[in-house]
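Single-letter residue listing:
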Amino acid sequence: MPSSPFIALETINGIVRNVEGQVSSGDGFFGENFYKFSGDKITDALNKCARAGYEHFDTDVVGEKKIYRLKLKTK
């Protein structure tokens with residue numbers, strides 16, 4: 001399964017708690033190795049996404065939760 005065109009990272013106090021979508025690193029035996037973000041700091045997770053070709057386009061704040069929305073860059 002390829003990377004999702006849109007992903008959402010939900011954080012609480014700067015730590016990723018929930019991820020909607022998948023980001024492939026392109027590594028692995030069959031060319032598909034997916035990043036695991038749960039427990040990462042948001043900066044580290046956003047950097048991994050940027051290396052995989054994603055760009056941040058929206059942030060929602062709900063109490064102490066923040067939801068970062070990213071989309072795959074088009075060429």
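Structure: see above.
Only a predicted model underlies this, so the values are computations on that prediction, with no experimental measurement involved. (Residues numbered from 1 in each chain as written. Predicted model: local features only at pLDDT ≥ 70, side-chain atom pairs only at ≥ 80, totals over all residues. Heavy atoms only, no water.)

K.L.:
Help me understand the nonpolar core, please; the structure alone is not making it clear to me.
P.N.:
Across soluble globular proteins, nonpolar side chains show a tendency to be buried alongside one another. Of all hydrophobic cores here, the largest spans 11 residues; its members are Ile7, Leu9, Val16, Val23, Phe37, Ile42, Ala45, Cys49, Tyr54, Tyr68 and Leu70. With 3 residues, the top contributor of residues to this core is helix α1 (residues 42-51). With residues near it in sequence (within four places) discarded, Tyr68 still touches Ile7, Ala8, Leu9, Thr11, Ile42, Leu46, His56, Asp58 and Thr59. (Core = buried A, V, L, I, M, F, W, Y, C linked by side-chain atoms within 4.5 Å. Buried < 20%, exposed > 50% of the residue type's maximum accessible area, 1.4 Å probe, protein only. Helix = DSSP H or I, 4+ residues; strand = E, 2+ residues; numbered from the N terminus. Contact = heavy atoms within 4.5 Å.)

K.L.:
Just to check I follow, could you spell out α1 for this structure?
P.N.:
Residues spaced three or four apart along an α-helix point in a common direction, a consequence of the helix completing one turn every 3.6 residues. Those residues of α1 that fall on the buried side of the exposure criterion are Ile42, Ala45, Lys48 and Cys49. Angularly, the buried residues of α1 cover 125° about the axis, an arc narrow enough to put them on a single face. (Arc of directions from axis to C-beta.)

K.L.:
How do you make sense of the environment of Gly14 when you look at a structure like this?
P.N.:
Examined against the element boundaries, Gly14 turns out to sit in the loop between β1 (6-12) and β2 (15-20). For Gly14 and Asp40, which are 26 residues apart along the polypeptide, the C-alpha to C-alpha distance reads 8.6 Å. Setting aside its immediate chain neighbours within four residues, Gly14 contacts Asp40, Lys41 and Ile42.

K.L.:
Looking at this structure, how should I read the pairing of β2?
P.N.:
A regular strand places its side chains so that they alternate between the two faces of the sheet. Of the pairings in the sheet, the one linking β1 to β2 comprises 5 bridges and is antiparallel in character. When the sheet's bridge partners are listed, Ala8 is paired in β2 with Glu20. (Pairing = 2+ DSSP bridges.)

K.L.:
Would you mind showing me how to read unusual backbone geometry here?
P.N.:
Glycine aside, a negative phi is what most residues show, and trans is what most peptide bonds show. Positive phi is not limited to glycine here, since Asn13 has a value of about 55°. Looking at Asn13, the relative accessible area reads 62%, which means it is exposed.

K.L.:
Which parts of the structure should I look at to understand the pattern of salt bridges?
P.N.:
Think of it this way: side chains of opposite charge can pair up when their charged atoms draw near. In total, this model carries 4 salt bridges according to the counting rule given. A salt bridge links Asp58 to Arg69, with the shortest nitrogen-to-oxygen separation between them at 3.7 Å. Of this pair, Asp58 sits in strand β3 (residues 54-62) while Arg69 sits in strand β4 (residues 65-72), and the two are 11 residues apart along the sequence. Ionic pairing is found between Asp60 and Arg69, a salt bridge with its closest N-O pair at 2.8 Å. Among the residues examined, Asp60 registers a relative accessible area of 28% and is labelled partly exposed. The structure contains a network of salt bridges with shared partners spanning Asp58, Asp60 and Arg69. (Salt bridge = Lys/Arg side-chain N within 4 Å of Asp/Glu carboxyl O.)

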